[in-house]
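# Chain and residue survey
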Amino acid sequence: MNYVEGAPIRDTKAPAGPIEERWEKRKFGAKLVNPANKRKLNVIVVGTGLAGGSAAATLGELGYRVKSFCYQDTPRRAHSIAAQGGINAAKNYRGDGDSIYRLFYDTVKGGDFRARESNVYRLAQVSVNIIDQAVAQGVPFAREYGGLLDTRSFGGAQVSRTFYARGQTGQQLLLGAYQALERQIAAGTVEMFTRHEMLDLIVADGRARGVIVRDMVTGEIERHVADAVVLATGGYGNVFFLSTNAKGCNTTAIWRAHERGAYFANPCYTQIHPTCIPVSGEYQSKLTLMSESLRNDGRVWVPLRKGDGRAPGDIPEDERDYYLERIYPAFGNLVPRDIASRAAKNVCDEGRGVGPGGLGVYLDFRDAIGRLGRDAVEKKYGNLFEMYERITGENPYDVPMRIYPAVHYTMGGLWVDYDLQSTIPGLFVIGEANFSDHGANRLGASALMQGLADGYFVLPTTIGDYLAAGPFGEVDEEAVAAAEIKVRSRIDRLLAVNGTRTPDSFHRELGKLMWEYCGMERTEQSLRKALERIPELREEFWRDVKVSGTAEELNQVLEKAGRVADFFDLAELMCLDALVRTESCGGHFRAESQDADGEALRDDETFAHVSAWEYSPEGEPVLHKEPLEYEYVKMTQRSYK
Amino acid sequence: MNLTLKVWRQSGPSDAGRMVTYRVEDVSPDMSFLEMLDVLNERLILEGDDPVAFDHDCREGICGMCGMVINGVAHGEQRATTTCQLHMRHFEDGATITIEPWRAAPFPVVKDLVVDRSAFDRVIQAGGFVSVPAGSAPDAHSIPVRKEDADDAFDAATCIGCGACVAACPNGSASLFTAAKITHLSLLPQGQPERLSRAKAMVDQMDAEGFGGCTNTGECTAVCPKGIPLDTIAQMNSDYLKANAK
């Protein structure tokens, strides 16, 4: 797959001036819509996670007429619900030296200098309002005996800025947003469509004007038009088949928008989380993450000797390799996610992995239990130990846990400007579905922050500036009909193949290929191989997939087949993006670009830019570069030794 | 392991439905219950049969989307476990397993094991929230909350809305679900202004949806994957009575 280079992106619409004044300036500059006019403006929000749920609720509160869509049976189920650890905010309630500037600084640095300074600063500013909002909604955050909010230090941060609700922070924040959304549904400002899947974007006269959706119960194809469309449809980690995402997470909404003209930015930036439960067999359907906090007390090791088949308890101390403590004496077991993940892969590649297939490393609590006592360990990690035992059947108090990295989050997504607007006017993208704030690597406890910042505070302001020029009138019937016909013919095509392989079998094969060639470590050779193999597999899919049932009923096989078809196209762009970016940065490690110690080596001279890809229906993708400038945080190479 | 499954098949709301028997072979004890059904479905698709429709999403026990009555027990016999977190090592080789959808009038069957739980959303719509528009909140530390209250509120707030409580209740009552939300918000200062009106509106909505009354059998809390305590129902009744006495 080749590409051509297009014009660079020069303007992201961020106001100029001192960084701490930019968001204020934008808010003041944004046109307002008077309350009577808001009632005449329709907005479609797709997805009901933290970003989509909070955006739909807030737009409803402001008085817009909102339609909200989700594929689940209720908006309360979106995968934000599974986030365990917490949410960052620059409250500095501890007085430990935190500030908006420090959260901004940590996020830019943690993102390996591939995020925009203006956006990240705004995120840090808004972070404090999120906590206020959530508390007022009744989100039961952890508290101290004095009645004030508890915080913890998370993911190697040197300040204690992570607010949490036991190991279920995502659930509690999502339920807060869900309840706000249900309140608006009751008030009649939001109309909710559950079990509806977006299958295309309607673009008419150069503006996003609606969506084509399928009612997943009846199979009916419906058209919904509006004055603006907001996509909050999450990440695309399921391109790897096995990931920590929910089974239904998919790329279809953003991919179809990409095909309609929205640029796709940095698709190769994938976050691989180091502490997940390893694969147990071929039937594995998903991977389960265990909170990163386990690394605070667990020690990571593998046998010193290759192919050592002894039980962990039989391996004496001097025949164990605590490799993170050995290679990174300063940070030890607490090195950032990307480093811990790659180190695990390396020792397994050396043949020193443990468990089925040798794809696992030990996370051992023996010393912590010895030092703190079993009760103290149980108090801290009891629910995680229980979860581990439920899945593996092994008791981690007696036998060390086995862990292995798994795909967890995608930093890439649809390109948006400072207003969170894509390259299609009227199409806004929020939460994990956009690319904007995490650069090449997301810090722990920052995903919840970004989703809610976008949904409660940023989008509701910036979308007003766009809608102030509306309503945009009747939607060109031809554009709507064309989108509907495209959706119908694709469904017909999937059902007509009637081949010999299930959609899942193709998805598994694609996932393996992506994990192997575009996973934790990428090389020119592996990526070229993937780019050769993906089109072959896609061709086989369209020739040999078997979709049972009909289009006019609840048909989970058909749903799956449509999503897998889009994953093929996305996978190809991911590999191309990874191939072109010959540097290593954050979640993207190119083996050719490392220093003498095997650490990631950035190439700021060539790659300090966002890669925004334009779809071209017949020809080659067009690469637009958005240069990244760092006026406040000096670019440095990360070091954790 | 080799197993015999007796699965409820129902093509849609108008179909009467029936149990259908399937054999599944070479099941690994490390498989999850849903992975075992995935294996069955992969086979059914290739044989040209309609695979068994079931709801699922996160597969890590938190989204609340999955739920089946397994051998007569909502989410199966293992306590405090969602269907997706149930693993095959808890079944005997050669066993026969019956699998049915949630059965309650307010949860009509959509297809096979998939039911419509939108009644739960309408109960929340009636008042399961604090009315606080985005941007209007005071500083989070302006109102301290006793740690004990925050912890108890959290325990009630962990409800995942799966509906097992309704499926297990001989009366088809949604009291545990409704009481969990009422209790969560009743325990916090932020929930006080709307406390009584909330309880009244939610309980009335629950009744309007056709859920049965609570007779304290406790089946709900026994199957609840999050162990929501039964005394939340006492809190609900107390708030409801106060609201009606006003």
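What you are looking at is a predicted structure, and each value in this text was computed from that prediction instead of being measured.

### Here we look at the nonpolar core
- Counting 273 residues, the largest nonpolar core has Val230, Leu231 and Leu414 of chain A together with Cys165 of chain B as its most contacted members.
- Here this core gets 15 residues from one element, more than from any other, and that element is helix H16 (residues 556-580) of chain A.
- With residues up to four places along the chain from it excluded, the contact list for valine 230 of chain A reads Val43, Ile44, Val45, Val46, Ala55, Phe428, Ile430 and Leu459 of chain A.

### Concerning the sheet that holds strand E3 (residues 65-69) of chain A
Residues and elements named next belong to chain A.
- The five strands lie next to each other as E7-E3-E2-E11-E19, forming an open sheet whose pairing is parallel. Because the sheet does not close on itself, it has two edges, and the strands there are strand E7 (190-193) and strand E19 (427-429). Taking each pair of neighbouring strands and ignoring which way they run, the sheet shows an average axis angle of 20°.
- As defined by bridge partners, strand E2 (residues 42-46) adjoins E3 across five bridges and the pair is classed as parallel. What sits directly across from isoleucine 44, in E3, is lysine 67.
- Against the sheet, helix H12 (residues 447-467) contacts strand E11 (228-231) and E19, and its axis sits at roughly 155° relative to E11.

### Section: the sheet that holds strand E5 (residues 151-152) of chain A
Residue and element names in this part refer to chain A.
- Taken together, the three strands give an open sheet; going across it, the order is E4-E6-E5, and neighbouring strands pair in antiparallel fashion. Among the strands making up the open sheet, the edge pair consists of strand E4 (87-88) and E5.
- Summarising the sheet, E5 and strand E6 (residues 162-163) pair through two bridges and their orientation is antiparallel. Each residue of the ladder has a partner; that of threonine 151, found in E6, is phenylalanine 163.

### Description of the interface of chain B and chain A
- Each side of the interface is counted separately: chain B has 64 residues, and chain A has 63 residues.
- Of all elements in the fold, only helix H1 (33-46), strand E6 (109-111), helix H2 (118-125), helix H3 (147-157) and helix H5 (175-186) of chain B reach the threshold of two or more residues within the side of chain B that touches chain A.
- A class-by-class count of the residues in the side of chain B that touches chain A yields 31 nonpolar, 17 polar and 16 charged.

### Here's the deal with the UniProt feature "active site" (unreviewed entry) in chain A
Residues and elements named next belong to chain A.
- Those places that UniProt annotates as "active site" (unreviewed entry) correspond, in this numbering, to Arg337.
- According to the C-beta neighbour criterion, arginine 337 is buried, with 26 such atoms within 10 Å.
- Those residues in contact with arginine 337 that lie beyond four places of it in its chain are Gln271, His273 and Pro274.

Conventions adopted
- Residues numbered from 1 in each chain as written.
- Chains lettered and ligands numbered in written order.
- Predicted model: local features only at pLDDT ≥ 70, side-chain atom pairs only at ≥ 80, totals over all residues.
- Core = buried A, V, L, I, M, F, W, Y, C linked by C-beta atoms within 7 Å.
- Buried ≥ 20, exposed ≤ 12 C-beta atoms within 10 Å, placed from the backbone.
- Helix = DSSP H or I, 4+ residues; strand = E, 2+ residues; numbered from the N terminus.
- Contact = placed C-beta atoms within 7 Å.
- Pairing = 2+ DSSP bridges.
- Axes fitted to C-alpha atoms, helices over the stretch in contact; angles between N-to-C directions.
- Nonpolar A, V, L, I, M, F, W, Y, C, P; charged D, E, K, R; others polar.
- UniProt positions renumbered as here; feature names shortened; annotations may be inferred.

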